[in-house]
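Report on the structure
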Amino acid sequence: MDPEAFLDLANQVIKLKMYPYFDVAHSLLCALAVREDLGSGAQAFSRKHPLACWLSTMLVIFAGGMVANALLGEPILAPLKNTPQLLIGTVTWYLVFYTPFDVGYKVAKFLPVKIAASAMKEIYRAKKVYDGVSHAAKLYPNAYIIMVIVGTLKGNGAGFSKLIERLVRGAWTPTAMETMQPSFYTKASLVASVIFVLDKKTDLISAPHALVYFGIVIFFVYFKLSSILLGIHDPFVPFENLFCALFLGGIWDSLAKFLGKGQPKEESKDNKKTN
Amino acid sequence: MDPEAFLDLANQVIKLKMYPYFDVAHSLLCALAVREDLGSGAQAFSRKHPLACWLSTMLVIFAGGMVANALLGEPILAPLKNTPQLLIGTVTWYLVFYTPFDVGYKVAKFLPVKIAASAMKEIYRAKKVYDGVSHAAKLYPNAYIIMVIVGTLKGNGAGFSKLIERLVRGAWTPTAMETMQPSFYTKASLVASVIFVLDKKTDLISAPHALVYFGIVIFFVYFKLSSILLGIHDPFVPFENLFCALFLGGIWDSLAKFLGKGQPKEESKDNKKTN
Amino acid sequence: MDPEAFLDLANQVIKLKMYPYFDVAHSLLCALAVREDLGSGAQAFSRKHPLACWLSTMLVIFAGGMVANALLGEPILAPLKNTPQLLIGTVTWYLVFYTPFDVGYKVAKFLPVKIAASAMKEIYRAKKVYDGVSHAAKLYPNAYIIMVIVGTLKGNGAGFSKLIERLVRGAWTPTAMETMQPSFYTKASLVASVIFVLDKKTDLISAPHALVYFGIVIFFVYFKLSSILLGIHDPFVPFENLFCALFLGGIWDSLAKFLGKGQPKEESKDNKKTN
């Protein structure tokens, strides 16, 4: 591919308008996620508790903005002032839950529709991560960690609001905290936030900004499609294992065990029993 | 009744001062609600955990303001700066929980006292809903949904802060979310908020503002008294059922069942079992 | 001791710089607290869930600021913009959890180290209480209760964020609410906040400000050392019992029981059974 044309494409991606098509794709996948989280009782639940159903779907759709606002001292309800997005969210929610003979749900679950929506959602995610990092950088120009946190939350807000979203539906699952078993989306958003921060605040990345952004979009879309089509769920695992072995005690624990102190293993057993 | 005199009355109701009598009635009913929520162990609890008891009562009294502030990015503690109201709250809390031979509690439970306080509390509620809608309209002039949410939260804040209030007392009841089974107060506040928004933002309601406000006050007081004296708990149920049947799948589900697809019913059974 | 020299010392204490030594002592004890809260499975947990471990440690270290900010409508993440403190926190977290053969943890647990760190942490606590009261006084000059609440939260924020901190680690313990069984630190911070408010806002305390501050520092350090060395855990208990007997029903309940109404005792039994 011609590098010139590639840069042109990158510049077009960075200027892509999210409204309305990407908003629709995002809302659709959020409503689907709520419906799947409800399991086999989803339809009955949606009939008995329409308010809780609508509220929790809205919480998932606007999760990133709401969670980030909550942590930055900004109004949690502010994302709802975007009336067109709210309407799109409500319509998709209605289509997924209440269409006669469940037509809406079945169409949304149809593989080609799901793949297209997923790819669009990942482009949307990249934009949200970038917006989050930029917004935090404006508020706290020197606090790198805040930029990374806000970028990650914007990228996978639904993961972090899951407990509250389920609480709205009357279910409480404290062990499902995103921090305990971060999903691939959280890790990818974290990495993307770090790259955006490095790009913005340091000279370590010499590529033009549009290329960095485009690279992250490709990375998001590529792994999403691998996950749907090939079943690859977390390409970060080997790197994590290496990092844990080198820095978070892995090697030293093995050495300690080898030298006959054996404590870590026993503690691990205890842990399994008590949990 | 003379329409002129009626409008005069409405104008007087709209200018009614809440401090101090209405504050007293509101605080009294809030403290009673906490005591009843504690059940038969209320007195023992109040002796063992006076701090938790006081804090949860204050949370109920100031619930509307605190919940609305939390969602609007304003200081959650701000309602406590109203020192006279805080003193009234503390005194009523003390009277309900700690008077010798439980005199305070018995007086507050005495039917005529309870009826008078309840009627006053409903007038107070109408004012809070109106204040909530006006406040949100100042912040977000075009976000109707935010006005409705804030009005509803102000009107029945205690319903939405119930989980936190119980948590302060060491009890955790995730299935008691207001969103799952909205109480009559939540629904009434929602309807009142919608009417206030329509009155404020559109030309659909041609009656003078004072009459709209007075109408809502009468509606609140009337249903509260019906609920205490006649045991009518939720006049919205028939409308809800109609709406659900028409728009939220009711009719289509029946049709689908009739056509032999029968799925919704089975799912509903599963749901009952797992819950 | 010469009063002149004493006042001099007090003036020096008030100007003491917290960074970096006091920050180190505070972070060390916070990381130790997290490790002890995790119990025997701490090491296994830190290997399996490093992110949750790090996040919950940071939550404990910055608890006071974050909880106070959340309640005052300020950005919850703002305390993290203090990069040097964040680095100190991360390094102490690493030392306590991941050093080879657990050297860091063993050193931190060594009694003289622990005593020195504890004494420094109490000086830090006095400063945080004072800062909290001053900050709230700037925002709400007439709301004494808000000053006391913010001072208490700043003094023992970790107590109030414990539920969220454990939730980050996937554990949910609703009965561990600080409000149910306030720890000595909460009570001491409350008393210190009240004294600071009286000193700041009234003429009831005629001693110079430096002496008041120094007195509270001595009080904090003295009781912390008594607690570690002599096992005295709560010197407030007798005063509380007296207060409860006089004002919160104690005497009247006994009188009622004596007169044969005996209700409170039965209720107390019920309460124990249901809990």
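Quick caveat: nothing in here was measured; it's all calculated off a predicted structure.

Quick notes on the overall build of chain A
Counting secondary structure elements, chain A contains 15 helices and zero strands. By its C-alpha atoms, chain A is 65 × 55 × 40 Å across when sized along the principal axes. Once local pairs closer than 6 in sequence are excluded, the contacts in chain A between residues at least 24 apart make up 73%. Summed over its atoms, the accessible surface of chain A is roughly 13100 Å², and 67% of this surface lies on carbon and sulfur atoms.

Section: the interface of chain C and chain A
Listed per partner, the contact involves 32 residues of chain C and 35 residues of chain A. Here chain C meets chain A over a buried area of about 2900 Å², counting both sides, of which 68% is carbon and sulfur. A per-residue breakdown of the area chain C buries against chain A is headed by R47(C), L77(C) and F101(C), which together make up 21% of the total. Applying the counting rule to chain C against chain A returns one salt bridge. A salt bridge links D253(A) to R47(C); the shortest N-O distance between them is 2.7 Å. Our count for the contact surface shared by chain C and chain A stands at six residue pairs in polar contact (both at pLDDT 80 or more). Only helix 3 (42-48), helix 4 (50-61), helix 6 (83-98) and helix 11 (162-168) of chain C provide two or more residues apiece to the side of chain C that touches chain A. Counted by class, the side of chain C that touches chain A contains 20 nonpolar, seven polar and five charged residues.

With respect to the UniProt feature "transmembrane region" (unreviewed entry) in chain A
Residue and element names in this part refer to chain A. Here the UniProt feature "transmembrane region" (unreviewed entry) sits at residues 51-72, 84-101 and 210-233. Secondary structure over residues 51-72 splits into 91% helix and 0% strand, and the C-alpha atoms at its two ends are 28 Å apart. As a span, residues 210-233 carries 88% helix and 0% strand, and end to end its C-alpha atoms are 27 Å apart.

So, the relation of the copies chain B and chain A
Aligned on chain A, chain B shows an RMSD of 0.0 Å; the corresponding rotation is 120° and the shift along the axis is 0.0 Å. Look at the turn and shift together and you get a three-fold axis relating the two. Closest approach to the rotation axis within chain B is made by the C-alpha atom of G73(B), at a distance of 3.4 Å.

Some points on the interface of chain B and chain A
Tallying the contact residues gives 35 residues for chain B and 31 residues for chain A. At the junction of chain B and chain A, the tally comes to one salt bridge. The tally of links between chain B and chain A comes to six residue pairs in polar contact (both at pLDDT 80 or more). Secondary-structure elements contributing two or more residues to the side of chain B that touches chain A are helix 5 (63-71), helix 9 (144-155), helix 14 (237-247), helix 15 (250-258) and helix 16 (263-274) of chain B. Sort the elements by how many residues they give to the side of chain B that touches chain A and helix 16 of chain B lands first, with five residues. Considered class by class, the residues forming the side of chain B that touches chain A number 23 nonpolar, eight polar and four charged.

Side note on the relation of the copies chain C and chain A
Overlaying chain C on chain A yields an RMSD of 0.0 Å, the required transformation being a rotation through 120° with an accompanying axial translation of 0.0 Å. Here only 6% of the interface residues in chain C have copies in chain A that are interface residues too; the copies meet through unlike faces.

What about helix 4 (residues 50-61) of chain B?
The end-to-end C-alpha separation of helix 4 of chain B is 16 Å, in line with the 16 Å expected for twelve residues at 1.5 Å each. Most of helix 4 of chain B sits out of view: ten of its twelve residues are buried.

Examining the confidence of the model for chain A
In this model, chain A carries a mean pLDDT of 88, and residues with pLDDT of at least 70 account for 94%. In the predicted structure, residues 262-275 of chain A sits below a pLDDT of 50 and forms 14 contacts with residues beyond four places in sequence or in another chain.

Remarks on the nonpolar core
A general trend in soluble globular proteins is that nonpolar side chains are found buried together. Membership of the largest hydrophobic core comes to 217 residues, with the highest contact counts inside it found for F97(A), I146(A), F97(B), I146(B), L80(C), F97(C) and I146(C). Here I146(B) is in contact with L77(A), A78(A), L80(A), K81(A), L72(B), A136(B) and Y140(B), once residues within four sequence places are set aside.

Details of a nonpolar patch on the surface
Together, F101(A), V103(A), V107(A), L242(B), F243(B), L246(B), F247(B), I251(B), W252(B), L255(B), F258(B) and L259(B) make up an exposed nonpolar region whose accessible area comes to about 1200 Å². At the level of elements, helix 7 (103-109) of chain A together with helix 14 and helix 15 of chain B are the ones that each hand at least two residues to the nonpolar patch. On the basis of relative accessibility, which here comes to 46%, the residue I251(B) falls in the partly exposed class.

Comments concerning the packing of aromatic side chains
Tallying each qualifying case throughout the model produces 51 aromatic pairs over all chains. Geometrically, the ring pair formed by W172(A) and W172(C) is edge-to-face, given 4.9 Å between the ring centres and 65° between the ring planes. Pair noted here: W172(A) is in the loop between helix 10 (157-168) and helix 11 (184-201) and W172(C) is in the loop between helix 11 and helix 12 (184-201), and the two residues belong to different chains. Residue W172(A) is classed as buried on the basis of its relative accessible area, which comes to 18%. On the basis of an interplanar angle of 75° and a centroid distance of 5.2 Å, the ring pair of W93(B) and Y98(B) is categorised as edge-to-face. For W93(B), a relative accessible area of 7% corresponds to the buried category. Cluster of aromatic residues (ring-pair linked, three or more members): F184(A), Y185(A), F219(A), F220(A), Y222(A), F223(A) and F236(A). In this arrangement the basic side chain of R35(A) is found over the ring face of Y105(A), its NZ or CZ atom lying 3.8 Å from the centre.

Calculation rules
- Numbers given for residues are sequential positions, taken from 1 along each chain in its written order.
- Each chain takes a letter, starting from A, and each ligand takes a number, starting from 1, following the order in which they are written.
- Confidence filtering applies because this is a predicted model: local features only for residues at pLDDT of at least 70, side-chain atom pairs given and counted only at 80 or more, and all residues used for totals across whole chains, interfaces and linings.
- The side-chain quantities take in all heavy atoms of the structure and omit both hydrogens and water.
- To qualify as a helix, a DSSP run of H or I must reach at least 4 residues; to qualify as a strand, a run of E must reach at least 2; elements of each kind are numbered from the N terminus.
- In what follows, residue pairs with any heavy atoms lying within 4.5 Å of each other are defined as contacts.
- Accessibility throughout is a Shrake-Rupley quantity obtained with a 1.4 Å probe, and a residue counts as covered only by protein chains that appear here.
- When two parts are brought into contact, each loses some accessible area as probed by a 1.4 Å sphere; the total of that loss over both is the buried area.
- Between Lys or Arg on one side and Asp or Glu on the other, a salt bridge is scored when a side-chain nitrogen of the former is within 4 Å of a carboxyl oxygen of the latter.
- Pairs of N or O atoms are called polar contacts if they sit within 3.5 Å, as long as, within protein, a hydrogen donor faces a hydrogen acceptor (for residues adjacent in sequence, only side-chain-to-side-chain pairs).
- All residues other than Ala, Val, Leu, Ile, Met, Phe, Trp, Tyr, Cys, Pro, Asp, Glu, Lys and Arg, Gly among them, are scored as polar; the first ten of these are nonpolar and the last four charged.
- UniProt positions are given in the numbering used here, feature names are shortened, and annotations may be inferred rather than shown by experiment.
- A residue counts toward the fit only if its pLDDT is at least 70 in both copies, and the copies are then superposed by least squares on the C-alpha atoms of those residues.
- How far a helix is expected to stretch is found by multiplying one less than its residue total by 1.5 Å.
- In this scheme, a residue with accessible area under 20% of its type's maximum is buried, one over 50% is exposed, and one in between is partly exposed, where area comes from a 1.4 Å probe on protein chains only.
- Scored between 0 and 100, pLDDT is the confidence that the predictor attaches to each residue.
- Within this scheme, the nonpolar core is defined by two criteria: the residues are buried Ala, Val, Leu, Ile, Met, Phe, Trp, Tyr or Cys, and they are joined through side-chain atoms within 4.5 Å.
- Note on patches: the residues involved have over 30% relative accessible area and no salt bridge, like charges join within 9 Å, and the nonpolar side chains Val, Leu, Ile, Met, Phe, Trp and Tyr join within 5 Å.
- Stacked, edge-to-face and tilted are the three classes for Phe, Tyr and Trp ring pairs, Trp counted by its six-membered ring, which pair at centre distances within 6.5 Å; planes under 30 degrees apart are stacked, over 60 edge-to-face, the rest tilted.
- Only when the NZ atom of a Lys or the CZ atom of an Arg is both within 6 Å of the ring centre and within 35 degrees of the ring normal do we say a charge sits over the ring.

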